[in-house]
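Reading the structure
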Amino acid sequence: AQSVTQPDIHITVSEGASLELRCNYSYGATPYLFWYVQSPGQGLQLLLKYFSGDTLVQGIKGFEAEFKRSQSSFNLRKPSVHWSDAAEYFCAVGAHGTNAGKSTFGDGTTLTVKP
Amino acid sequence: DGGITQSPKYLFRKEGQNVTLSCEQNLNHDAMYWYRQDPGQGLRLIYYSQIVNDFQKGDIAEGYSVSREKKESFPLTVTSAQKNPTAFYLCASSSLGYNEQFFGPGTRLTVL
């Protein structure tokens, strides 16, 4: 069965500092991987996705993520955080085959940005 | 504009009552999903549907029911059998074969 672990429940960074949010997955084949962001009381918005090919993927709002098969990781990064990036971030792994479309989500990481 | 709508945004219900949450999409997606979100627990899948008139239980289906009579609509009923229904409920949709999910704005259900 597929699973996702986000080791950090809460991260605080200063505005302008760099950010890395960790994600580890478990899946038997090449995974489909996603990062979503959620503002309080809102739905989730896709930041970026990895299906195949280049292991460094670029997303919206200046975010990027790197797929590392050897480490089963898909960490999210941003070189300079803005106060508006404060939100909850979810990593997800997508299923293949008959369950294509079904995703498993991590428990999320809450990002706080200090002025 | 294409997207997913959920209504209502806030819903209050008395214990012992059934309540139905609406989810509509105009993205022409085949698959639709219902998630429950509680603080610190991420998203847990309640039900999903990949085709009209067919749906499958997710990880926490007990106390919930769904229908999929139209491609665009996937309503969720929270029944009186659900022991702790107070939560934030999210609906999503996706194309088959592409796992990216599009989410609605959510419904916050509070049992009084």
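Quick note: structure is the one above.
Here we summarise the structure given alongside this text. Owing to the predicted nature of the structure, the values given are computational and were not obtained by experimental measurement.

A few words on the interface of chain B and chain A. Opposite the 23 residues of chain B that make contact, chain A presents 24 residues. Together chain B and chain A conceal approximately 1800 Å² of surface at their shared face, both sides included; 49% is due to carbon and sulfur atoms. Counting the contacts that link chain B with chain A gives 1 salt bridge. The partner of Lys49 of chain A in a salt bridge is Glu100 of chain B, and the shortest N-O contact between them spans 2.6 Å.

Our focus in this paragraph is the pattern of salt bridges. The full count for this structure, using the stated rule, is 8 salt bridges over all chains. Measuring nitrogen to oxygen at the nearest pair gives 3.2 Å for the salt bridge that ties Arg77 of chain A to Glu64 of chain A. Remark: Glu64 of chain A occurs in strand S8 (residues 64-68) and Arg77 of chain A occurs in strand S9 (residues 73-78); sequence separation between them is 13 residues. Residue classification places Arg77 of chain A among the partly exposed residues on the basis of a relative accessible area of 23%. Measuring nitrogen to oxygen at the nearest pair gives 2.8 Å for the salt bridge that ties Asp38 of chain B to Arg44 of chain B. By relative accessible area, which is 11% here, Asp38 of chain B ends up buried. One network of salt bridges, in which partners are shared, links Glu64, Glu66 and Arg77 of chain A.

The rules behind each value
- Residues numbered from 1 in each chain as written.
- Chains lettered and ligands numbered in written order.
- Predicted model: local features only at pLDDT ≥ 70, side-chain atom pairs only at ≥ 80, totals over all residues.
- Heavy atoms only, no water.
- Contact = heavy atoms within 4.5 Å.
- Buried area = accessible area lost by both parts, 1.4 Å probe.
- Salt bridge = Lys/Arg side-chain N within 4 Å of Asp/Glu carboxyl O.
- Helix = DSSP H or I, 4+ residues; strand = E, 2+ residues; numbered from the N terminus.
- Buried < 20%, exposed > 50% of the residue type's maximum accessible area, 1.4 Å probe, protein only.

None of this, on its own, says anything about what the molecule does.
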